[in-house]
Number of protein chains: 2
Amino acid sequence: METHKQLIIGLFGFGVVGEGLYKVLQQTPSLKASIKKVCIKNTAKKRNAPEALFTSDKNELLQDPEINVIVEVIDDSVAAFDIVSTALKNGKSVVSASKKMIADNLPALLALQKETDLPFLYEAAACASIPVIRNLEEYYDNDLFFSEALLLAQQLGFAESNPKLDVEGYDALNKWTILLNHAYGIVSAPTEILFTGIQNVQGSDAIVAKEKGFDIKLIGQAKKLKNGKVAAFVLPQFVPLSDPLSFVKNEYNGVVIESGFADKQFFYGKGAGSFPTASAVLSDIAALRYNYKYEYKKLYHHQPHELSNDYYLKVYVSFDDWKYIPREDFEWIEEWHAQAERKYLIGVLHCNKLINNNWWKQNNTSLVLTPDAIIDDLDIVHLKKRSLELAGVI
Amino acid sequence: METHKQLIIGLFGFGVVGEGLYKVLQQTPSLKASIKKVCIKNTAKKRNAPEALFTSDKNELLQDPEINVIVEVIDDSVAAFDIVSTALKNGKSVVSASKKMIADNLPALLALQKETDLPFLYEAAACASIPVIRNLEEYYDNDLFFSEALLLAQQLGFAESNPKLDVEGYDALNKWTILLNHAYGIVSAPTEILFTGIQNVQGSDAIVAKEKGFDIKLIGQAKKLKNGKVAAFVLPQFVPLSDPLSFVKNEYNGVVIESGFADKQFFYGKGAGSFPTASAVLSDIAALRYNYKYEYKKLYHHQPHELSNDYYLKVYVSFDDWKYIPREDFEWIEEWHAQAERKYLIGVLHCNKLINNNWWKQNNTSLVLTPDAIIDDLDIVHLKKRSLELAGVI
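Report on the accompanying structure. Only a predicted model underlies this, so the values are computations on that prediction, with no experimental measurement involved.

## Comments concerning the packing of helix α1 (residues 16–27) of chain B against helix α11 (residues 274–288) of chain B
Residues and elements named next belong to chain B.
Phase 1: Relative orientation of the contacting elements α1 and α11 amounts to 50°, with a least axis distance of 9 Å. With respect to α11, the axis of α1 lies oblique. The interaxial crossing formed by α1 with α11 has right-handed handedness. Residue-level inspection shows Val16, Val17, Gly20, Leu21 and Val24 of α1 in contact with α11, the latter providing Ser274, Phe275, Thr277, Ala278, Val281 and Leu282.
Phase 2: Considering only residue class, the contact of α1 with α11 consists of eight nonpolar, three polar and no charged.

Right, dumping it as structure tokens:
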């Protein structure tokens, strides 16, 4: 029998997540994991743990040869990157919950992980309590069960410690950057992904959605195109009430994975919050006992996928005045509606028309994808003809 | 770096699942797992693999010292138990997909696993593509994140290889027996669990459900009671259309895990079928590379839970004639409806009134739980009084 590794942990951060972990590990000796030292910013603050446990000197953790695991649950993504990099270079396994840090530094972190071949786990940084990374790594890791499509739904408005991350959808974008790597081997910066939050969505859009039997959610979406590349973006979308993603509310996230052989999985759980985060960190710690590592199979064992801009999107756009809308950018418009206060249209345009322009985020204009919004480049000619026929133009 | 174990597999069964595994493992050398020998019943049948791979002699696999993993995907639960037991005794890791075999032999298999301390994985036997066992083992494995409640929903009618397993709900019962162990440390025989399928549910019940805004699903359910024990059963239940479990259709299963700190997770995926089963078996094989084992923490590291009969159920019962219904068994009846052809009532009774009697499965009588059907023993006095007040009796 392989005996489990004894884990001696250096913990960065002692907020709700850090303190929760400390308590759980104390109460669960079977995990064979103990926290030796905790690094915090403010040593003056009263803590519910022995004073000798704390330090404000990161090197007391990072340079301690007895500490073999660094767990990092702090809010500062620049400091977190420094901690994680140094820990890996010093031969320590790492568990992190910092989605922004990971999304911003993916290439550097992947290089470090490869160089050191150490476990670097961050399930909490994807969807907190939903084990989506582990699932992508272990279930969709070969040719027969590849990911055809991946969707992540969340509703905005749940307060993270930095509200800006949330309201404008940066939180979803960071998660999405991380998941694209595990699902498709795509290593991209958050800035390379077509993206907006729902800060521009209007009350009138919600009324239209309701009339049509839809909800509006912020959806991270990726889909394999016929050219073998992947369309990926994070945008508000109409979701039919019959779709499991329409259930996603408050701090819950929903993840849909569609794979070869028409298998579809849906995961729903808390994607943020202290306890769901602590639960995911704890699960990663438990996995370290048997030296579990992400294998990044889509990146290293297969031809990794590339992002593609060869696709069209069917979008709903609402606006105050036609003058803000470049109608010539649309391949066709299938529906339009005008009232004194607010107008909207539903039409099809090439994704580059959104990527290269900002009209759809300005002047009180709101853009929401329709359900099944992605139209493959190779299907567009047929669909365009059909659309013009239906409109009576040809 | 710990190098991954090379897995030399002996495979029992070469149906769609077995053949699929063979192909995937051939195409995925990175898994470092190869099938050395396949044991089949009918050696005369033409197979899409070299003839030398096959044998009908189980000992060629079980006694081969080079084979370190036995994967068993056969339909015969008696033969499967013999194979799995012998494999473990002979020092081989085991992956199994036989839910009936595992549910029927849980105590013996747990004893064997403990004695040999070998990996014995069977994710495919729970909900196929939904990684529910792994999740229960790794996420809900300590005092802070214990399972408050667990629900498994499925719709009957999807054809398994043995249709009887499915129509009468034995499939759900076997899954439930397995999951109760991983969620609560409860080791019970399927025969000890309050249970029926939906073979008695009538068209008229579906109409009543629809009027009330419900669907009817077969639900495996477990809930911690105030006495610290667990109420558990598999019964048809009304599910509100707003509940994620109402989405569960065809071969899909839905699993809800409610844990400490009000965390709720919902998993939805194919719970049966060749490819979902193969996907789960493959994931177990991948986990064997790093010697992953279930730890049965709720059974061995905590005080395991016990099943309780100290609870009441609020049930809908439809029937042809009052004479078949022991009205005196009900604490109270809150609703009744009579038409010429069919009658129904909604009332509350002690679970022992169902456990010890069969009237609710006979004479064309149909029983469906109401939503939130479980009433804790300790709440019943207050609720009974309130119910009688509302009825104008006191």
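## A closer look at the sheet that holds strand β4 (residues 69–72) of chain B
Residues and elements named next belong to chain B.
Phase 1: The parallel open sheet is built from six strands, whose spatial order is β3-β2-β1-β4-β5-β6. The two strands at the open ends of the sheet, each matched to only one other strand, are β3 (54–55) and β6 (120–121).
Phase 2: Across the sheet, α1 touches β1 (7–12), β2 (33–39) and β4, and the angle it forms with β2 is around 150°.

## Some points on unusual backbone geometry
Residue and element names in this part refer to chain A.
Phase 1: One non-glycine residue, Asp117, adopts positive backbone phi at about 50°.
Phase 2: Along the polypeptide, Asp117 turns up in the loop between α5 (106–116) and β6 (120–121).
Phase 3: Positive phi, close to 50°, is recorded for Asn250, a residue that is not glycine.
Phase 4: Position of Asn250 relative to the elements: it lies in the loop between β10 (230–240) and β11 (252–259).

## Considerations on the pairing of strand β9 (residues 214–224) of chain B
Residues and elements named next belong to chain B.
Phase 1: Burial analysis of β9 places ten of its eleven residues in the buried class, the great majority of the element.
Phase 2: Note that β9 and strand β10 (residues 230–240) share eleven bridges and pair antiparallel. If you follow Ala222 over to β10, its bridge partner there is Ala232.
Phase 3: In this structure, the hairpin formed by β9 and β10 is closed by a connection of five residues, where Gly228 is found at a positive phi of approximately 85°.

Cut-off values and rules
Residues numbered from 1 in each chain as written. Chains lettered and ligands numbered in written order. Predicted model: local features only at pLDDT ≥ 70, side-chain atom pairs only at ≥ 80, totals over all residues. Axes fitted to C-alpha atoms, helices over the stretch in contact; angles between N-to-C directions. Helix = DSSP H or I, 4+ residues; strand = E, 2+ residues; numbered from the N terminus. Parallel < 35°, antiparallel > 145°, perpendicular 65-115°, else oblique. Left-handed = near helix turned anticlockwise from the far one by under 90°. Contact = placed C-beta atoms within 7 Å. Nonpolar A, V, L, I, M, F, W, Y, C, P; charged D, E, K, R; others polar. Pairing = 2+ DSSP bridges. Buried ≥ 20, exposed ≤ 12 C-beta atoms within 10 Å, placed from the backbone.

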